[in-house]
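One letter stands for each residue in the lines below.
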Amino acid sequence: MISTANSTFSAFRNNYLAVYLTVMMSDWLQGPYLYALYHSYNFSMYDIAVLFITGFVSGAIFGTLIANTADVWGRKKMALLFCVTSSTASLIRLSSNYHYLIASHLLSGLSTALLYCVFEAWYISQHQRKGFAPALIGATFSTAIFLNGLVAILAGIVSNIVVEWSGSLAAPFVVSAGTLVFAGLLISSSWEENYGESKTNASGSVLKSMLEGLVVLKSDVNILSLGMAQTVFECCMYTFVLLYTPALELAIKNQGNKESLLPLGYLFSGMMFCSMLGSLAFKILSSRGIQTDSLLSLALFVAGSSFCFIVLNTANTSYTVLAFLLFEFTTGMYFPSIGTLRAQAIPEQNRTGVMAFLRVPMNFAVIAIMLRVDSMPMTEIFQICALLNFVGGLVILWRSLDPSRGAGGYTAAKTVEESHEM
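What you see is a predicted model; the values in this text were computed from it and never measured. (Residues numbered from 1 in each chain as written. Predicted model: local features only at pLDDT ≥ 70, side-chain atom pairs only at ≥ 80, totals over all residues. Heavy atoms only, no water.)

When its secondary structure is counted, the protein chain shows 17 helices and 0 strands. Here the protein chain holds 422 residues, and the buried ones make up 57% of them. Within the protein chain, contacts between residues at least 6 apart in sequence are counted, and of these 87% link residues at least 24 apart. With an accessible surface of roughly 16,900 Å², the protein chain has 67% of that area assigned to carbon and sulfur atoms. (Helix = DSSP H or I, 4+ residues; strand = E, 2+ residues; numbered from the N terminus. Buried < 20%, exposed > 50% of the residue type's maximum accessible area, 1.4 Å probe, protein only. Contact = heavy atoms within 4.5 Å. Areas by Shrake-Rupley, 256 points an atom, 1.4 Å probe, with all protein chains shown as cover.)

This paragraph deals with empty space enclosed by the protein. With the rule as written, the count across this model stands at 3 cavities of 30 Å³ or more. There is about 60 Å³ of room inside the second largest cavity. Taken together, Ala-247, Leu-250, Ala-251, Ile-310, Asn-313, Thr-314, Thr-320, Met-378, Thr-379 and Phe-382 make up the lining of the second largest cavity. If you list the elements that add at least two residues to the lining of the second largest cavity, you get helix H11 (221–254) and helix H16 (378–401). (1 Å grid on protein atoms, 1.4 Å probe; cavity = no way out; pocket = protein on both sides within 12 Å on 5 of 7 lines; lining within 4 Å. Points joined across faces, edges and corners; volume = space filled by probe spheres on them.)

The terminal C-alpha atoms of helix H5 (residues 98–115) lie 25 Å apart, and with 18 residues this matches the ideal 26 Å at 1.5 Å per residue to within 8%. Those residues of H5 that fall on the buried side of the exposure criterion are Leu-101, Ser-104, His-105, Ser-108, Gly-109, Leu-110, Ser-111, Ala-113, Leu-114 and Leu-115. Between the side-chain oxygen at the start of H5 and the backbone nitrogen of His-99 there is a gap of 2.9 Å, and the oxygen is on Asn-97. (Expected span 1.5 Å × (residues − 1). Polar contact = N/O pair within 3.5 Å; in protein donor to acceptor, adjacent residues only side chain to side chain.)

It is worth spelling out unusual backbone geometry at this point. The phi angle at Asn-42 is positive, at roughly 65°, despite the residue not being glycine. Summarising the element assignment, Asn-42 is placed in the loop between helix H2 (34–40) and helix H3 (45–73). What makes Asn-42 exposed here is its relative accessible area of 71%.

With that settled, consider the packing of helix H6 (residues 118–129) against helix H7 (residues 135–166). It is the contact of H6 with H7, at a shortest axis distance of 10 Å, that shows an interaxial angle of 145°. The chirality of how H6 crosses H7 is right-handed. Along the contact surface, H6 presents Glu-120, Tyr-123, Ile-124 and His-127, while H7 presents Leu-136, Ile-137, Thr-140 and Phe-141. Counted by class, the contact of H6 with H7 contains 5 nonpolar, 2 polar and 1 charged residues. (Axes fitted to C-alpha atoms, helices over the stretch in contact; angles between N-to-C directions. Left-handed = near helix turned anticlockwise from the far one by under 90°. Nonpolar A, V, L, I, M, F, W, Y, C, P; charged D, E, K, R; others polar.)

Following the criterion strictly, the structure yields 27 aromatic pairs and no others. Centre to centre, the rings of Phe-9 and Phe-132 are 5.1 Å apart; their planes meet at 75°, and the pair counts as edge-to-face. Of the two residues, Phe-9 is situated in helix H1 (residues 2–30) and Phe-132 in the loop between H6 and H7; the sequence distance between them amounts to 123 residues. The class for Phe-9 is buried, based on a relative accessible area of 8%. Ring centres of Phe-119 and Trp-191 lie 5.8 Å apart, and the angle between their planes is 65°; this geometry places the pair in the edge-to-face category. On the criterion of sequence distance, the pair formed by Phe-119 in helix H6 and Trp-191 in the loop between helix H8 (171–190) and helix H9 (197–200) is long-range, its members being 72 residues apart. In this pair, the class of Phe-119 matches that of Trp-191, namely buried. One aromatic cluster is present, built from ring pairs that chain together Phe-9, Phe-12, Tyr-16, Tyr-20, Phe-82, Phe-119, Trp-122, Tyr-123, Phe-132, Phe-141 and Trp-191. (Phe/Tyr/Trp six-rings, centres within 6.5 Å; stacked < 30°, edge-to-face > 60°.)

Take the nonpolar core next. With 112 residues, the main nonpolar core has Tyr-38, Phe-119, Tyr-123, Leu-242, Leu-296 and Phe-307 as its most contacted residues. A per-element tally of this core places H11 first, with 16 residues. Among all residues touching Tyr-123, those that are not within four sequence positions of it are Phe-9, Phe-12, Tyr-16, Leu-136, Ile-137, Thr-140 and Phe-141. (Core = buried A, V, L, I, M, F, W, Y, C linked by side-chain atoms within 4.5 Å.)

Bringing the packing of helix H13 (residues 292–312) against H16 into the picture now. How two helices sit against one another is set out by the angle between their axes and by the gap between those axes. Running from N to C, H13 and H16 cross one another at 165°; their axes reach a closest spacing of 8 Å. Taken together, the axes of H13 and H16 lie roughly antiparallel to each other. Seen from above, H13 lies across H16 with left-handed handedness. Residue classes in the contact of H13 with H16 are distributed as 15 nonpolar, 9 polar and 2 charged. (Parallel < 35°, antiparallel > 145°, perpendicular 65-115°, else oblique.)

Along the chain, Ser-86 turns up in helix H4 (residues 75–92). Owing to a relative accessible area of 7%, Ser-86 belongs among the buried residues under this scheme. Not counting the four nearest positions on each side in its chain, Ser-86 is found in contact with Gln-30, Ser-111 and Leu-180.

Scanning the entire structure with this criterion turns up 3 salt bridges. A salt bridge links Glu-192 to Lys-130; the nearest nitrogen and oxygen atoms lie 3.9 Å apart. Of this pair, Glu-192 sits in the loop between H8 and H9 while Lys-130 sits in the loop between H6 and H7; the two residues are 62 residues apart in sequence, bridging distant segments of the chain. According to the relative accessible area criterion, Lys-130 is partly exposed, its value standing at 39%. (Salt bridge = Lys/Arg side-chain N within 4 Å of Asp/Glu carboxyl O.)

This next bit is on the confidence of the model for the protein chain. On average, residues of the protein chain score 83 in pLDDT, and 83% of them are at 70 or above. When pLDDT is averaged over each element of the protein chain, H8 comes out on top at 95 and helix H17 (residues 416–421) at the bottom at 43. Low pLDDT, under 50, characterises residues 200–204; the stretch is placed with 3 contacts to residues that sit more than four places away or in other chains. Long-range and interchain partners of residues 406–422, a stretch whose pLDDT sits below 50, account for 30 contacts in this model, where long-range means more than four residues apart. (pLDDT = per-residue confidence, 0-100.)

Written out as structure tokens, the structure is:
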């Protein structure tokens, strides 16, 4: 009987991982050469920053609205919508027309909101409805992040190879679009549809789902503290995505070396290998009984230290790359930590909506920083990132020391209906 249950869970988990890793492959393929592609179109740093900002505005506004519909319209449908919008955005980037690229980032902002809300919400809902042990959620997320590191390494190598083979910096974006077609076929053929509980209870509309999500978010300090940590870490992560290539170019210039075509795909693979090691560290440390809050706090403190390391070594290429690798190690610890804590704290009824709202302040924080990339020295931006991570680490450290959490950790926040019953 136990063997049957284990095989049932393994099949369910492997199906989710196959989809998750395929969609992440498509996302990673675009990472190494996005800045370089836009630079080859002769766009200035400010022009490139505006494109990134467009994506974050889209994610904060349109992405939040669309992600909230998943609880009512169905998470499988929204996962398929992600495949459509993301593949379209990738193909548009083959054009150097700036207005088309604005449209591309509008679509990618929407698709990113779906990627980081819908897939996780679908998995947690199915996991709970099938009656699997709650502890297996964290194990699945840790495995997903670890394998995601392998996929990212592969994506970096593939992107480097296709650029060298084709002679075009746009080649990885074509491969990415093809990967999303395959992901869509997997989702269509193997996923069941699921909804937030509000759908089952016929509670009504997308607007009601959004309002209930806001009520839950506003009334629970545990979720708000997670939102704070998510905002500071992911704000700095996306800032890093924009700036790591020019930061490396600056270090090479300051060191007096002649700038040449950088093997960005291979560098990306190295950083993703470190992210994989961070995920492995999370798995080992959590298996030894270390609280997830403590691991998240550790990730934030180390991330802040890595940004300090970048600031102190702007004329040393080797140390700059080492700081990049250290930061990516923390991303491997961060994602399974935050995913596990969100699963514990956010009620199923409003899961996708609350998760979407948690991304809104992060989007606007990134916009605020990126609006200054052309006028603020890069070292000052990295100093801000260091400070934000240290503050986030202190918030989560306070959360872990909160006596109200008890030995078993926080439980999910009350739904709107449960609050009314009180």
